[in-house]
Amino acid sequence: MASAPPLKGVKVLEFAGLAPGPFAGLILADAGASVLRVDRPRSSSEGAVPTPDMLARHKSSIVVDLKNPRGVALVRRLAKHVDVLIDPFRPGVLERLGLGPDELLAINPRLIYGRMTGFRRDGRYADMAGHDINYLAVSGVLALLGRRGEKPFPPWNMLADFAGGGAPLAQGVLLAIIARHSSGKGQVVEANMVDGSSYLASFPRMSLKTPLGDQPRGSNILDGGCPWYDTYETRDGEHMSVGALEPQFFQALLKGLGLEGQGWEAKRHDASSWPHIRALFTKIFKSKTRAQWEAVFDGTDACCVPVLHYRELESQPGREGDQRPAVTLRDTPCYPPSDGEGGGYAGEPLAAGQGGEDVLAEWAGWKKGGQYELEGGAVVLRENGGDSKL
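As the structure is a prediction and not an experimental result, all values here were calculated from the model. (Residues numbered from 1 in each chain as written. Predicted model: local features only at pLDDT ≥ 70, side-chain atom pairs only at ≥ 80, totals over all residues. Heavy atoms only, no water.)

1. Points about the nonpolar core
Then step 1. In terms of nonpolar packing, the biggest core is built from 30 residues, with Val 12, Leu 28 and Val 84 touching the most fellow members.
Then step 2. Mapped onto this core, the elements with two or more residues apiece are helix H1 (20-30), strand E4 (84-87), strand E5 (112-117), helix H5 (132-139), helix H6 (158-183), strand E6 (188-192) and helix H7 (193-200).
Then step 3. No other element matches H6, which puts 6 residues into this core.
Then step 4. Ala 79, Val 82, Trp 366 and Tyr 372 belong to the second-largest nonpolar core, a separate cluster that totals 29 residues. (Core = buried A, V, L, I, M, F, W, Y, C linked by side-chain atoms within 4.5 Å. Buried < 20%, exposed > 50% of the residue type's maximum accessible area, 1.4 Å probe, protein only. Helix = DSSP H or I, 4+ residues; strand = E, 2+ residues; numbered from the N terminus.)

Okay, here's the thing in structure tokens:
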């Protein structure tokens, strides 16, 4: 019988920020950590309103005005009870408030202080604003993405923000938790989206100096230059994906396309034949619908499967669209999706202040009117407020 999630009992204080920081907190929350988001005061005639952050499942919130000294004092006092802190701001923001790692690690030597930036903290762009496309650009990754003869093309903000930012920060926090078991001490964990993206591109970067990737962008085997590693439009305007790299898979592909035994097997590595093969594949794939091609290749080793849309994954039983935790722990599983439609993780809005009082009581034994009070809708430390656990 499965037991509690692996991070049950770990307390995470997450300062509200843009996607990468909340994603790191989400990874920890899905694994059972208690995550308390620190929101800024928000003026609304309706009272507490959800923030735009959709990465909020399993989290709670408190509202703290960091311009109020008593709000800052509350965070400093609360840090004594925290295992992990997530700082999503530009370098120096929390330091100027007296909430930097030097101050908080002095208060709580076991604290793991996670910091997320876009550019490197010690690089030439450290003080500049940026977004996913910019971090990919200066990391070298963006130069790899796009068709031959066309400009570099950015994907959705998956690579830098999430795969290169939030996920490595969560990984670093987990490594620091492991290290704390032997050292007894916390530490600063720094992640930035430039280094994270560059690390993800380790294999393509190495391949630039080999025959696998030494041609211009869009001209290599794995970047769209090769006709048997590409996508093709079908008769109904949908697409099939082809990844028949190995000889036996290529042969299975040719068989499904009705091209077996015509000599293409021997020409597959002749780049001069690629335009002809691509044109042939393009014409044949457009002769059938995607569903018809799926019927042809299902159960084969042709490495040819349909390009599916999320709307299909959420509405068609039997598709592999039932979103699950990214990794399965058999004995201490992470929280599964809870929405009933489509089996995916739903964006769960979290109103500023929602659930925060319960978390403060659980973490530190604090109660409103005892250790803290509300001032202008924000939580502040009470003057002379006691803390039973300090």
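2. Remarks on helix H14 (residues 356-364)
Then step 1. Regarding H14, the residues found buried are Gly 356, Val 359, Leu 360, Trp 363 and Ala 364. The arc that holds the buried residues of H14, viewed along the axis, is 100°, so those residues lie on one side. Exposed side chains of H14 directed beyond 90 degrees from the buried face belong to Asp 358 and Glu 362.
Then step 2. Turning to H14, the residues buried within the fold contact strand E1 (11-15), strand E2 (34-39), strand E3 (59-63), helix H2 (69-78) and strand E10 (372-375).
Then step 3. Remark: Gly 365 follows H14 within two positions and exhibits a positive phi of approximately 70°. (Arc of directions from axis to C-beta. Contact = heavy atoms within 4.5 Å.)

3. Details of the environment of Arg 148
Then step 1. With respect to the secondary-structure elements, Arg 148 resides in the loop between H5 and H6.
Then step 2. Distance in space between the C-alpha atoms of Arg 148 and Ala 33 is 45 Å, their sequence separation being 115 residues.
Then step 3. Setting aside anything within four residues of it in sequence, one finds Arg 148 in contact with Arg 217, Gly 218 and Ser 219.
Then step 4. Within the structure, the side chain of Arg 148 is placed 3.3 Å from the side chain of Ser 219, a separation counted as a polar contact. (Polar contact = N/O pair within 3.5 Å; in protein donor to acceptor, adjacent residues only side chain to side chain.)

4. Some words on the sheet that holds E3
Then step 1. Spatially, E3-E2-E1-E4-E5-E6 is the arrangement adopted by the 6 strands of the open sheet, whose pairing is parallel. Among the strands making up the open sheet, the edge pair consists of E3 and E6. Each strand of the sheet is rotated relative to its neighbour by a mean of 20°, with strand direction disregarded.
Then step 2. Summarising the sheet, E1 and E2 pair through 5 bridges and their orientation is parallel. Each residue of the ladder has a partner; that of Lys 11, found in E2, is Ser 34.
Then step 3. On the sheet, H6 packs against E4, E5 and E6 and is oriented at approximately 165° with respect to E5. (Pairing = 2+ DSSP bridges. Axes fitted to C-alpha atoms, helices over the stretch in contact; angles between N-to-C directions.)

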